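# Structural characterization, general
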Amino acid sequence: MNLQSKIYIAGHCGLVGSALLRALGTYGFSHLVTRSHAELDLTDQTATEAFFAQEKPDYVFLAAARVGGILANNTYPADFIRDNLAIQTNVLHSAWRHRVRRLLFLGSSCIYPKLAPQPLKEEYLLTGPLEPTNRPYALAKIAGIEMCWSYNRQHGTRYLAAMPANVYGPGDNYHPQDSHVIPALLRRFHDATQRGDTSVTVWGTGTPRREFLYSDDVADACLYLMRLADADFDRLLWPAGDADDSSALNLAPLINIGVGQDLTIRELVELVGQTVGYTGEVQYDTSKPDGTPRKLLDVSRLNALGWAPRTNLPTGLATAYRDLLAD
């Protein structure tokens with residue numbers, strides 16, 4: 001991928017997509033293609049095909065998705081599985097038809113079984129039951145990984161699936177109910193501070209452990225992967241053997257992106273409170289679901305390639321809070 005390559009960022013208005021757009025611009029990539037949802041509905045097969053036929057990008061970052069926290073996943077399960085299946089099906093197929101050189105498909109750590117051993121290795125995919133609260137979304141993303149794998153095998157495409165830890169940062173959705181945990185907590189604590197509330201309620205017990213990755217670090221990792229030499233990139237596509245080797249069916253073209261350490265939700269709540277300046281009490285509503293007990297990614301494969309994150313959690317939280325204030 002060189003500075004003149006034609007690069008399509010699907011979902012450039014979202015959290016990861018906007019970070020990718022910033023990173024590509026910083027590195028000097030000048031031929032970037034973007035479309036807002038209003039300009040191109042990726043769930044529309046005809047519109048997606050027409051776009052690829054016209055633009056013919058060399059590289060694609062597939063960051064477009066319907067996303068949300070536990071409440072949103074529980075409330076709109078049909079929307080989550082329908083829209084995500086449609087988006088990835090249309091983009092992956094059109095990318096093959098129009099000879100995209102490489103494609104990076106962004107997923108989520110929720111693809112791994114709820115009670116899988118920790119840390120989560122790539123080979124744990126499909127080894128146990130999923131967390132029920134976000135199963136429709138997770139199944140859609142698993143289907144996307146399988147599509148990458150299948151198109152690589154049948155059509156010789158070079159599609160890689162990357163699974164980041166819980167992502168946060170500038171451009172996030174700060175809705176108090178429908179967003180992920182960090183933006184939801186930032187919003188909740190900020191609003192409570194502005195109103196002078198003396199107590200804030202947080203869902204669950206606070207005991208689950210989570211790993212959080214700053215959005216610009218995700219983007220940096222994605223660019224690092226897409227700019228790998230052919231031999232290194234192809235080893236990620238076929239980690240268990242060559243495409244024609246039956247052993248290649250054992251491992252998906254999948255790589256984790258994370259920081260390699262986690263903390264409890266209670267510890268996160270304390271950090272968010274300090275970031276916002278909230279001084280009241282925190283109540284935990286234990287009638288609400290906790291989700292998966294722990295989701296810590298094994299990032300040894302990515303680290304072995306020479307990449308590591310740059311942003312620690314306190315620094316990232318401060319930047320995300322400034323983004324909320326500017327929203």
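Everything here concerns the structure above.
Glancing now at the packing of helix 6 (residues 181–195) against helix 11 (residues 313–326). Packing of helix 6 against helix 11 brings their axes to within 11 Å, and their N-to-C directions diverge by 60 degrees. Considering their axes alone, helix 6 and helix 11 lie oblique with respect to each other. Taken as a pair, helix 6 and helix 11 cross one another with a handedness that is right-handed. Counting all contacts with helix 6, which are made through I182, L186, R187 and H190, the residues of helix 11 involved are L313, L317, A320, Y321, L324 and L325. Of the residues contributing to the contact of helix 6 with helix 11, the split by class is eight nonpolar, one polar and one charged.

Below, the discussion takes up the environment of V282. If you trace the backbone, V282 turns up in strand 12 (residues 281–285). When the C-alpha positions of V282 and T201 are compared, they lie 5.8 Å apart, and in sequence the two are 81 residues distant. Setting aside chain neighbours within four positions, we find V282 in contact with F189, V200, V202 and V269.

Let us look at the packing of aromatic side chains. Going through the model one piece at a time under the given rule, you end up with eight aromatic pairs. Their ring planes at 90 degrees and their centres at 5.4 Å tell us that F51 and F52 sit as a pair that is edge-to-face. Accessibility expressed as a relative area gives 0% for F52, which makes it buried. Arranged with centres 4.9 Å apart and planes meeting at 65 degrees, the rings of F189 and Y278 form a pair that is edge-to-face. Taken as a pair, F189 in helix 6 and Y278 in the loop between helix 9 (265–276) and strand 12 lie far apart in primary sequence, 89 residues in all. Joined through ring pairs, the aromatic side chains of Y8, F51 and F52 make up one cluster. In this structure, R266 packs its charged tip against the face of Y284, placed 3.9 Å from the ring centre.

So, about unusual backbone geometry. Most of the time, phi is negative for any residue but glycine, and the peptide bond is trans. Backbone torsion omega between Q118 and P119 reads -5 degrees, so that peptide bond is classified as cis. With respect to the helices and strands, P119 occurs in the loop between strand 4 (102–106) and helix 5 (135–155). Of note in the backbone geometry, K56 takes a positive phi value of approximately 45 degrees without being a glycine. By relative accessible area, K56 is classed as partly exposed at 45%. Non-glycine residue L126 carries a positive phi angle of around 65 degrees. Assignment of secondary structure puts L126 in the loop between strand 4 and helix 5. Residue L126 is classed as exposed on the basis of its relative accessible area of 60%.

Reading the values: the criteria
- Residues numbered from 1 in each chain as written.
- Predicted model: local features only at pLDDT ≥ 70, side-chain atom pairs only at ≥ 80, totals over all residues.
- Heavy atoms only, no water.
- Axes fitted to C-alpha atoms, helices over the stretch in contact; angles between N-to-C directions.
- Helix = DSSP H or I, 4+ residues; strand = E, 2+ residues; numbered from the N terminus.
- Parallel < 35°, antiparallel > 145°, perpendicular 65-115°, else oblique.
- Left-handed = near helix turned anticlockwise from the far one by under 90°.
- Contact = heavy atoms within 4.5 Å.
- Nonpolar A, V, L, I, M, F, W, Y, C, P; charged D, E, K, R; others polar.
- Phe/Tyr/Trp six-rings, centres within 6.5 Å; stacked < 30°, edge-to-face > 60°.
- Buried < 20%, exposed > 50% of the residue type's maximum accessible area, 1.4 Å probe, protein only.
- Lys NZ or Arg CZ within 6 Å of the ring centre and 35° of its normal.

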